[in-house]
Amino acid sequence: QVQLVESGGGLVQAGGSLRLSCVASERTFSSFAMGWFRQAPGKEREFVAGIGWSGGRTYYADFVKGRFTISRDNAKNTVYLRMGSLKPEDTAVYYCAAESRYGVVTTTLSAYDYWGQGTQVTVSS
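The written sequence of each chain sets the order in which its residues are numbered from 1. Totals for whole chains, interfaces and linings use all residues, but because this is a predicted model, local features are given only for residues with pLDDT of at least 70 and pairs of side-chain atoms are given and counted only at 80 or more. The side-chain numbers reported here are obtained from all heavy atoms of the structure, hydrogens and water having been left aside.

A. The arrangement of the sheet that holds strand S3 (residues 18-24) in detail. Here, any two strands with at least 2 DSSP bridges between them count as paired. Strands here mean DSSP runs of E at least two residues long; helices mean DSSP runs of H or I at least four residues long; both are numbered from the N terminus. Spatially, four strands are ordered S1-S3-S8-S7 in an open sheet, and the strand pairing comes out antiparallel. The sheet is open, and its two borders are formed by strand S1 (4-7) and strand S7 (68-73), each paired with just one other strand. Averaged over neighbouring strand pairs, the angle between their axes works out to 15° when direction is ignored. Where S7 meets strand S8 (residues 78-83), six bridges bridge the pair, whose relative direction is antiparallel. Across the sheet, aspartate 73 pairs through a bridge with threonine 78, a residue of S8. Helix axes are fitted to C-alpha atoms over the stretch in contact, other axes to C-alpha atoms as well, and angles between N-to-C directions run from 0 to 180 degrees.

B. Highlighting the pattern of salt bridges. Criterion for a salt bridge: a side-chain nitrogen of Lys or Arg within 4 Å of a carboxyl oxygen of Asp or Glu. This structure, assessed with the given rule, holds five salt bridges. Linking glutamate 46 and arginine 38 is a salt bridge whose minimum nitrogen-to-oxygen distance equals 2.8 Å. We call a residue buried when its accessible area falls under 20% of the maximum for its residue type, exposed when it is over 50%, and partly exposed in between, using a 1.4 Å probe and counting protein chains only. By relative accessible area, which is 30% here, glutamate 46 ends up partly exposed. Here the salt bridges share partners, and the residues they tie into one network are Arg38, Glu46, Arg67 and Asp90.

C. The arrangement of the state of the cysteines in detail. Cysteine sulfurs are considered disulfide-paired once they come within 2.5 Å of each other. All told, the structure shown has one disulfide when counted by the stated rule. Note on cysteine connectivity: cysteine 22 is disulfide-linked to cysteine 96, with sulfurs 1.9 Å apart. Judged by the sign of its S-S torsion, about 45°, the bond between cysteine 22 and cysteine 96 is right-handed. Note that cysteine 22 is positioned in strand S3 and cysteine 96 in strand S9 (residues 92-99), a separation of 74 residues in sequence. A residue is classified by how much of its surface remains accessible, and cysteine 22, at 1% relative accessible area, is buried. Judged by its relative accessible area of 0%, cysteine 96 is buried.

Have a look at this one:
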């Protein structure tokens, strides 16, 4: 069973930055595609960013393009989400997720096999 543990969330003012981290328990992490999702109160969980197993391919939701950057360090079993120019509407619980079957980036929530517990990001205006 793969365990994913997120960290780095917190309270930040609009325009500020945060970096989220997600550490995986498995060495096979390097074969997984990884994604970041978020869920705001009363809303469905939505795709934010994804990265392929090698880090060579990334994909972003339109609402974060140019502001967020996803990256990974396979030697550390870690995926990151650097968030800049944060807006109050970015407030949500952020989850990392692993897609273990193909290692290919997908925006489809149901394609991800493992999920972290989430980390709260709150952006004040």
